[in-house]
Amino acid sequence: MPLPQEFHDIAARVNNWGRWGADDEIGTLNLITDEVVRAAAATVRSGRRIPLALPLRQDGVQTGMIPGRVNPLHTMTAINQEIFGPGTVATSDDAVTMGLQAATHWDGLTHVSHSGRLYNNRPADAVTAHAGATVLGIEKATPITSRGVLLDVARAHGTDLLPGGHAVTPEDLDAAEELAGATVRAGDIVLVRTGQLRHYLAGDRQAYAFPSPGLSLRTPEWFHARDVAAVANDTLTFEIFPPEIEDLWMPVHALHLVEMGMLQGQNWNLEELAAACAEEGRYGFFLSAMAEPFVGGSGTPVAPVAVL
């Protein structure tokens, strides 16, 4: 169905086109300034490092629900091969075929379009079959290191796992922020925990995929008001799935990526981090989540690390 007026009204309120100039290609990553990074580094106390990425494996989170998004297929191209002759040093090499958004990843600014446009009023046909994203490619992303803030919505609800039909609201984010005792501020990267990944970790890929809790249509304004630099969560679809408004598919993607120019991440493993934050009583940390610079990419695998 056509995008409803409610969507267009929200889009007008969160739109960042032209905010950092007509040529801008990184959107809200502009909010991660040197000052923001220095403040983020000051959050490190113990030096405890917590990985947030899922293993890249052939039986990963993808079930075929999203066409073309294949789990990693790992192939050995050489095994102990003495390429310089008998008795020389032997080498092993390997290759992988995978969807760039197959596992833990960032969605880039060309991952979705609406009304024929991409972020900053770029034409959607700037994404081509041969070159990929000729503008706004994921390789343009500046180093993604900032203060991370975990908003543990599941814990704020007194549960390990939100039900599949739960739309995470601004009120949920407020409650999780209060639990965290850390006010979200400009340049932060927000990680929203629903607990949904527990299904996958328990071996149930189908339950992980559908139905899924996720961000509601009302949350982009919450992130925009706080000048958040990027958002990631622990679900396959990021936003609630099936959608909260019948036949309105991926509106949060469109608001974040197209209107705001804000990267969003999916399939982040926040379980160990949530336990550590609860144990230490603090939910702010230094986060490194660098994008792999695939030229023309509409997304990228990422291996984020939180440092407490």
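Just above sits the structure.
Bear in mind that the values here come from a model prediction, so they are computed numbers and not experimental data.

Q: Honestly, the nonpolar core in this entry has me stumped. Any pointers?
A: The nonpolar side chains of soluble globular proteins are, as a tendency, buried together. Trp-106, Leu-191, Phe-223, Trp-268 and Leu-273 are the most contacted members of the largest nonpolar core, which totals 69 residues. Leu-54, Val-61, Leu-197 and Tyr-200 belong to the second-largest nonpolar core, a separate cluster that totals 7 residues.

Q: I would appreciate a short explanation of the sheet that holds strand β15 (residues 284-288) in the present structure.
A: Sheet strands pair by backbone hydrogen bonding; their relative direction is either parallel or antiparallel. Pairing is mixed across the open sheet formed by 9 strands, whose spatial order is β1-β17-β15-β9-β11-β13-β14-β4-β16. Strands with a single pairing partner mark the edges of an open sheet, and in this sheet they are β1 (49-51) and β16 (299-301). Taking the axes of each pair of neighbouring strands and ignoring which way they run, one obtains an average angle of 25° across the sheet. Summarising the sheet, strand β9 (residues 145-152) and strand β11 (residues 189-193) pair through 5 bridges and their orientation is parallel.

Q: Would you mind showing me how to read the side chain of Asp-152 here?
A: Mapped onto the fold, Asp-152 is located in strand β9. The exposure class of Asp-152 is buried, given its relative accessible area of 2%. Only 3.0 Å separates the side chain of Asp-152 from the backbone nitrogen of Arg-155, close enough to count as a polar contact. Separated by 2.8 Å, the side chains of Asp-152 and Arg-193 make a polar contact.

Q: What is the right way to read the environment of Thr-194 from this model?
A: Position of Thr-194 among the secondary structure elements: in the loop between β11 and α5 (197-201). Taking the C-alpha atoms as reference points, Thr-194 and Ala-154, separated by 40 residues in sequence, lie 5.1 Å from one another. With residues near it in sequence (within four places) discarded, Thr-194 still touches Ala-154, Asp-160, Leu-161, Leu-162, Val-168, Pro-213, Asp-234 and Thr-235. Within polar-contact distance, the side chain of Thr-194 engages the backbone nitrogen of Gln-196 at 3.1 Å.

Q: Even after reading the chapter, I still don't get the pattern of salt bridges, so can you show me in this structure?
A: When charged atoms on two side chains of opposite charge get close, those side chains can pair. Using the criterion set out here, one finds 14 salt bridges in the structure. Here Glu-271 ties to Arg-198 by a salt bridge, and the two come within 2.9 Å at their closest N and O atoms. Taken together, the positions of Glu-271 in helix α9 (residues 271-280) and Arg-198 in helix α5 put the pair 73 residues apart, joining distant regions of the chain. Shared partners join several salt bridges into a network, and the residues in it are Asp-152, Asp-160, Arg-193, Arg-198 and Glu-271.

Q: I'm lost on the packing of aromatic side chains in this one. Help?
A: Any pair of aromatic rings gets described here by the distance separating the centres and the angle formed by the planes. Counted according to the given criterion, the structure contains 5 aromatic pairs. Ring centres of Tyr-200 and Tyr-208 lie 6.0 Å apart, and the angle between their planes is 45°; this geometry places the pair in the tilted category. Like Tyr-200, the residue Tyr-208 is buried in the burial classification. Taking the centre distance of 5.5 Å and the plane angle of 85° together, the rings of Trp-222 and Phe-223 count as edge-to-face. The pair formed by Trp-222 and Phe-223 is uniform in burial state, with each residue classed as buried. Clustering of aromatic rings is evident, with ring pairs tying together Phe-210, Phe-241 and Trp-249. Here the guanidinium or amino end of Arg-226 rests over the ring plane of Trp-222, the centre of that ring lying 3.8 Å away.

Q: Just checking my understanding: could you explain the side chain of His-253 for this structure?
A: With respect to the element layout, His-253 can be found in helix α8 (residues 251-260). Setting aside residues up to four positions removed in sequence, His-253 forms contacts with Asp-107, His-111, Val-112, Thr-237, Phe-238, Glu-239, Val-258, Gln-264 and Gln-266.

Q: Explain unusual backbone geometry to me, please; I cannot follow it from the model alone.
A: With the exception of glycine, most residues fall at negative phi, and the peptide bonds are largely trans. The step from Phe-210 to Pro-211 runs through a cis peptide bond, and the omega angle for that step is -10°. For Pro-211, the position within the fold is in the loop between α6 (205-209) and β12 (214-215). Here the residue pair Phe-241 and Pro-242 is connected by a cis peptide bond, since its omega of 0° sits within 30 degrees of zero. Tracing the chain through its elements places Pro-242 in the loop between β13 (230-233) and α8. Even without glycine at this site, Asp-227 takes up a positive phi of about 55°. Along the chain, Asp-227 falls in the loop between α7 (219-225) and β13.

Q: Whenever I open this one, the layout of surface pockets confuses me. Can you help?
A: In this approach, a probe sized like a water molecule rolls over the atoms, and the result shows the empty space that is left. Counted as a void, the largest pocket has a volume near 300 Å³. In this structure, the largest pocket is lined by 17 residues; those nearest its centre are Ile-66, Thr-237, Phe-241, Met-250 and His-253. Size it by volume and the second largest pocket reaches roughly 180 Å³. Taken together, Ala-53, Leu-54, Leu-56, Ala-103, Thr-104, Met-290, Glu-292, Phe-294, Pro-301, Val-302 and Ala-303 make up the lining of the second largest pocket. Residue composition of the lining of the second largest pocket, by class: 9 nonpolar, 1 polar and 1 charged.

Q: What am I meant to see in α8 here?
A: Helical periodicity: at 3.6 residues per turn, an α-helix aligns residues three or four positions apart in one direction. Burial of α8 is extensive: 10 of the 10 residues sit out of reach of the surface. Within the sequence span of α8, burial applies to Pro-251, Val-252, His-253, Ala-254, Leu-255, His-256, Leu-257, Val-258, Glu-259 and Met-260. Lining the buried residues of α8 we find α1 (5-14), β4 (105-107), β5 (117-118), β12, α7 and β14 (263-266). Taken from the residues just after α8, Gly-261 is the one with a positive phi, measuring 70°.

Definitions and cut-offs
Residues numbered from 1 in each chain as written. Predicted model: local features only at pLDDT ≥ 70, side-chain atom pairs only at ≥ 80, totals over all residues. Heavy atoms only, no water. Core = buried A, V, L, I, M, F, W, Y, C linked by side-chain atoms within 4.5 Å. Buried < 20%, exposed > 50% of the residue type's maximum accessible area, 1.4 Å probe, protein only. Pairing = 2+ DSSP bridges. Helix = DSSP H or I, 4+ residues; strand = E, 2+ residues; numbered from the N terminus. Axes fitted to C-alpha atoms, helices over the stretch in contact; angles between N-to-C directions. Polar contact = N/O pair within 3.5 Å; in protein donor to acceptor, adjacent residues only side chain to side chain. Contact = heavy atoms within 4.5 Å. Salt bridge = Lys/Arg side-chain N within 4 Å of Asp/Glu carboxyl O. Phe/Tyr/Trp six-rings, centres within 6.5 Å; stacked < 30°, edge-to-face > 60°. Lys NZ or Arg CZ within 6 Å of the ring centre and 35° of its normal. 1 Å grid on protein atoms, 1.4 Å probe; cavity = no way out; pocket = protein on both sides within 12 Å on 5 of 7 lines; lining within 4 Å. Points joined across faces, edges and corners; volume = space filled by probe spheres on them. Nonpolar A, V, L, I, M, F, W, Y, C, P; charged D, E, K, R; others polar.

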